[in-house]
Amino acid sequence: MPTLKFAVLAGDYIGPEVMSEALRVLGHVARREGFALEPTAADVGGAAIDRHGKALPDDTLRLCEQSDAILFGSVGGPKWENLPPKEQPERAALLPLRKHFTLFANIRPGLLYPELAAASPLKSERIPDGIDIVCIRELTGGLYFGRPKETTTLADGDVQAVDTMVYRRSEIERIAATAIAAARSRKKRLCSIDKANILETSVLWRKTVAAYAARHAPDVELSHMYVDNAAMQLVRNPNQFDVFVTENMFGDILSDEMAVVCGSLGMLSSASLGAGRNSLGLPFGLYEPAGGTAPDIAGKGVANPCAQILSTALMLRYSFGLEEAASRIEAAVRRAVTGGARTADISFGGACVGTRAMSDAVIAALS
Ligand code: NAD
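Residues numbered from 1 in each chain as written. Predicted model: local features only at pLDDT ≥ 70, side-chain atom pairs only at ≥ 80, totals over all residues. Heavy atoms only, no water.

Trainee: So what's going on with the side chain of Thr 343? Residues and values would help.
Mentor: Position of Thr 343 among the secondary structure elements: in the loop between helix H10 (323-338) and helix H11 (355-366). There is a polar contact of 3.3 Å between the side chain of Thr 343 and the side chain of Asn 304. Ignoring anything within four residues of it in the chain, the contact list for Thr 343 reads Val 302, Ala 303, Asn 304, Pro 305, Cys 352, Val 353, Gly 354 and Met 358. (Helix = DSSP H or I, 4+ residues; strand = E, 2+ residues; numbered from the N terminus. Polar contact = N/O pair within 3.5 Å; in protein donor to acceptor, adjacent residues only side chain to side chain. Contact = heavy atoms within 4.5 Å.)

Trainee: Account for the site of the ligand, with residues named and values stated.
Mentor: Among the 20 residues in the neighbourhood of the ligand, the closest are listed as Val 75, Gly 77, Glu 90, Gly 292 and Ala 294. Here Glu 288 contributes a side-chain N or O atom positioned 3.2 Å from a nitrogen atom of the ligand. Measuring from an oxygen atom of the ligand, one finds a backbone N or O atom of Ala 294 at 2.7 Å. Protein chains bury 67% of the 810 Å² of accessible surface belonging to the ligand in isolation. (Near = heavy atom within 4 Å. Areas by Shrake-Rupley, 256 points an atom, 1.4 Å probe, with all protein chains shown as cover.)

Trainee: Break down the domain arrangement of the protein for me, citing the residues and quoting the values.
Mentor: Domain assignment breaks the protein into domain 1 (1-109 + 268-367) and domain 2 (121-261). Summarising the inter-unit geometry, the C-alpha centres of domain 1 and domain 2 are found 25 Å apart. Taken together, the 12 residues of domain 1 in the interface contact 15 residues of domain 2. Of all residues in domain 1, the largest losses of buried area upon contact with domain 2 belong to Phe 104, Asn 106 and Arg 108, amounting jointly to 51% of the total for that side. Taken together, the connections running from domain 1 to domain 2 amount to 1 salt bridge. Applying the counting criterion to the domain 1 and domain 2 interface returns 3 residue pairs in polar contact (both at pLDDT 80 or more). Of all the secondary structure elements, the ones that give two or more residues to the side of domain 1 that touches domain 2 are strand E4 (103-112) and strand E11 (269-277). Counting residues per element, the side of domain 1 that touches domain 2 draws most heavily on E4, at 7 residues. Split by residue class, the side of domain 1 that touches domain 2 holds 7 nonpolar, 3 polar and 2 charged. (Domains from an automatic or database assignment. Buried area = accessible area lost by both parts, 1.4 Å probe. Salt bridge = Lys/Arg side-chain N within 4 Å of Asp/Glu carboxyl O. Nonpolar A, V, L, I, M, F, W, Y, C, P; charged D, E, K, R; others polar.)

Next up, the structure:
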């Protein structure tokens, strides 16, 4: 019986509330599918600042290094927002984790069931079948990490700030490979998004993705789109995309636009895959809901646990190679929601259930 060894970093506010439900669902799946779980919890974010004086304690990092994957909740909130920016939970915990494990590929499914079409700001007739697309964002390069990154006072007294957008061909090739694999697991359609009419990095991006796909994936239909057009197309007709791949900053913006178009943050999960392999020879990854710590609803037992539950499905798929179990969880969430179990964020004023009852419905739908 395989044993799944992973770190559990629940974080702050609704983080622990939805994490405990996700682990309960995962426990049921493990029993049914015949695998064992070895989750180990550690402090991260604001909770870690309170207990250990820093958002990513050394013990937490060590635990992650000894694990095959990280199941992450979310961090931050009003309690810590007066700390200096560098010590803020998100910046001091998530960014170092991304950097330490070179989590270069952020995979975000943009999924909206047709039954939840009302959650989208788009008109229902534009999305009669809901939304089912995937955003792949490069996460460790580009404008957010390039050097120089500085503010200087010039000789004439004016002040100038510089950020640097930089990409290497090897960085583009490895995210292209991830995107091609994702496209192959779906409709074999990949759209690469850039700004090749203006930016040097985008010219290299487009050339590299095209050459890599021609060499390694002639079976995948590749198209290219400028980012300003992509931002419009995402609200005009999101389903024209199947899988799209883009650089760090464009992906930051487009993935948030996609989240809004897909309705509630409580339903959206994400995977950040690393360059390294875990002890099973599969990608090490960090799996988390797309949303934050939702302090406005924390402690009330009303948060939607589905995004965290769906994050466990992504972990099973990518870091443990358990596709069948992953699909089983995704199907159970879908059955529970379409069967009428809805937390407040997806109930549109109708009857709603709390966090525990929502995960109970998912567990019931597993059978
Ligand atoms: P948020 O995503 O926490 O909340 C935005 C809105 O979505 C809120 O109305 C919230 O109630 C709702 N929401 C989010 N998740 C939900 C769920 N599971 N069920 C039901 N409703 C849900 O964004 P915010 O309010 O801007 O941020 C709150 C804190 O979270 C901030 O400190 C921010 O820095 C942090 N944050 C952390 C992460 C992370 O850890 N990866 C990501 C985003 C924001």
